[in-house]
Amino acid sequence: FNSQAINYQMKGNVDLAFETFLRSLDYAKKMGDNATVFNTLLNIGIMYDNNSNYDKCLQYYNEALKYSDYTDKSSLALLQSYIAEVYLTLKNNEKAEEYLKQALENSKFSNDTNSLIWAYSSLGRIELDKKNFAKAENYFKESLTLAKQSDFKLEIIHSLTDLGKFYSTTNSLNKAESY
């Protein structure tokens, strides 16, 4: 069901995607398949996130957290990062930071470099907002270092952009120009 729902979503048939995800959720709960329940709740949350319905999104993400014992640490870190991003969008940096730090720990535990890169980047943005420039710069540099070590092109670009914006914000224009 989940694959079918994702396919509907990618084709732009959001209503049918929601309906299929809900059928999948119902079926997984009846079967006691808690790993699928986790993934389905995460996918429904993502759909609400994509539609900027953050209350519903957080409702499903938080429900998915209740099933976190039935998934791997990498998937849990992904969920925690998604929750953090919603809180960043809602300008609730305190909650975002809480979830990002949890995601960071789970990403380290599972050796999930991609999640680590994004967590460091988001933490850098939070520290920049708080005017903790040294911490922000360290997070951005850590993100870039990991991206380069893994040769993740998109993440390298993102990390370089973060550093460029950081140096521009801190009036370090000579450094900003190199990013």
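If you're wondering where the values come from, they're calculated on a predicted model, not measured in any experiment.

Caption draft 1: Broad picture of the nonpolar core. Within the largest apolar cluster, 47 residues are counted, with the highest numbers of intra-cluster contacts made by Leu41, Ile44, Tyr61, Leu79 and Ile83. Contributions of two or more residues to this core are made by helix H2 (14–31), helix H3 (34–50), helix H4 (54–65), helix H5 (73–89), helix H6 (93–109), helix H7 (113–129), helix H8 (133–150) and helix H9 (153–169). With sequence-adjacent residues up to four places away left out, Ile83 is seen in contact with Leu58, Tyr61, Asn62, Leu65 and Tyr99.

Caption draft 2: Representation of the packing of aromatic side chains in the model. Counted according to the given criterion, the structure contains 9 aromatic pairs. Each ring, one from Phe18 and one from Tyr48, has its centre 4.7 Å from the other, and the planes form 45 degrees; the classification is tilted. One end of the pair, Phe18, is in helix H2; the other, Tyr48, is in helix H3, with 30 residues separating them in the sequence. Since its relative accessible area comes to 16%, Tyr48 is described here as buried. Pairing Tyr67 with Tyr70 gives two aromatic rings, centres 6.5 Å apart and planes at 45 degrees, and the pair type is tilted. Residue classification places Tyr67 among the buried residues on the basis of a relative accessible area of 17%.

Caption draft 3: Seen up close, the pattern of salt bridges. As enumerated under the stated definition, the model contains 10 salt bridges in all. Where Lys30 meets Asp26, a salt bridge forms, and the shortest distance between an N and an O atom there is 3.1 Å. Of this pair, Lys30 and Asp26 both sit in helix H2, separated by 4 residues, roughly a single helical turn. According to the relative accessible area criterion, Asp26 is partly exposed, its value standing at 41%. A salt bridge links Lys66 to Glu63; the shortest N-O distance between them is 3.2 Å.

Caption draft 4: Quick look at a nonpolar patch on the surface. On the surface, a cluster of nonpolar side chains totalling about 350 Å² of accessible area is made up of Phe1, Tyr27 and Met31. Tracing the chain through its elements places Met31 in helix H2. For Met31, a relative accessible area of 53% gives the class exposed.

Caption draft 5: Main features of H2. Taking 1.5 Å as the rise per residue, H2 with 18 residues should run 26 Å; its terminal C-alpha atoms sit 25 Å apart, in good agreement. All of the buried residues along H2 are Ala17, Phe18, Thr20, Phe21, Ser24, Leu25 and Ala28. Down the axis of H2, the buried side of the element spans an arc of 165 degrees, and every buried residue falls inside it. When the buried face of H2 is taken as reference, the exposed residues oriented beyond 90 degrees from it are Asp15 and Lys30. Of the surrounding secondary structure, the elements contacted by the buried residues of H2 are helix H1 (2–10) and H3. Following H2 by one or two positions, Gly32 has its phi on the positive side, about 75 degrees.

Quick notes on the rules
Residues numbered from 1 in each chain as written. Predicted model: local features only at pLDDT ≥ 70, side-chain atom pairs only at ≥ 80, totals over all residues. Heavy atoms only, no water. Core = buried A, V, L, I, M, F, W, Y, C linked by side-chain atoms within 4.5 Å. Buried < 20%, exposed > 50% of the residue type's maximum accessible area, 1.4 Å probe, protein only. Helix = DSSP H or I, 4+ residues; strand = E, 2+ residues; numbered from the N terminus. Contact = heavy atoms within 4.5 Å. Phe/Tyr/Trp six-rings, centres within 6.5 Å; stacked < 30°, edge-to-face > 60°. Salt bridge = Lys/Arg side-chain N within 4 Å of Asp/Glu carboxyl O. Patch = residues over 30% accessible without salt bridge, like charges linked within 9 Å, V, L, I, M, F, W, Y side chains within 5 Å. Areas by Shrake-Rupley, 256 points an atom, 1.4 Å probe, with all protein chains shown as cover. Expected span 1.5 Å × (residues − 1). Arc of directions from axis to C-beta.

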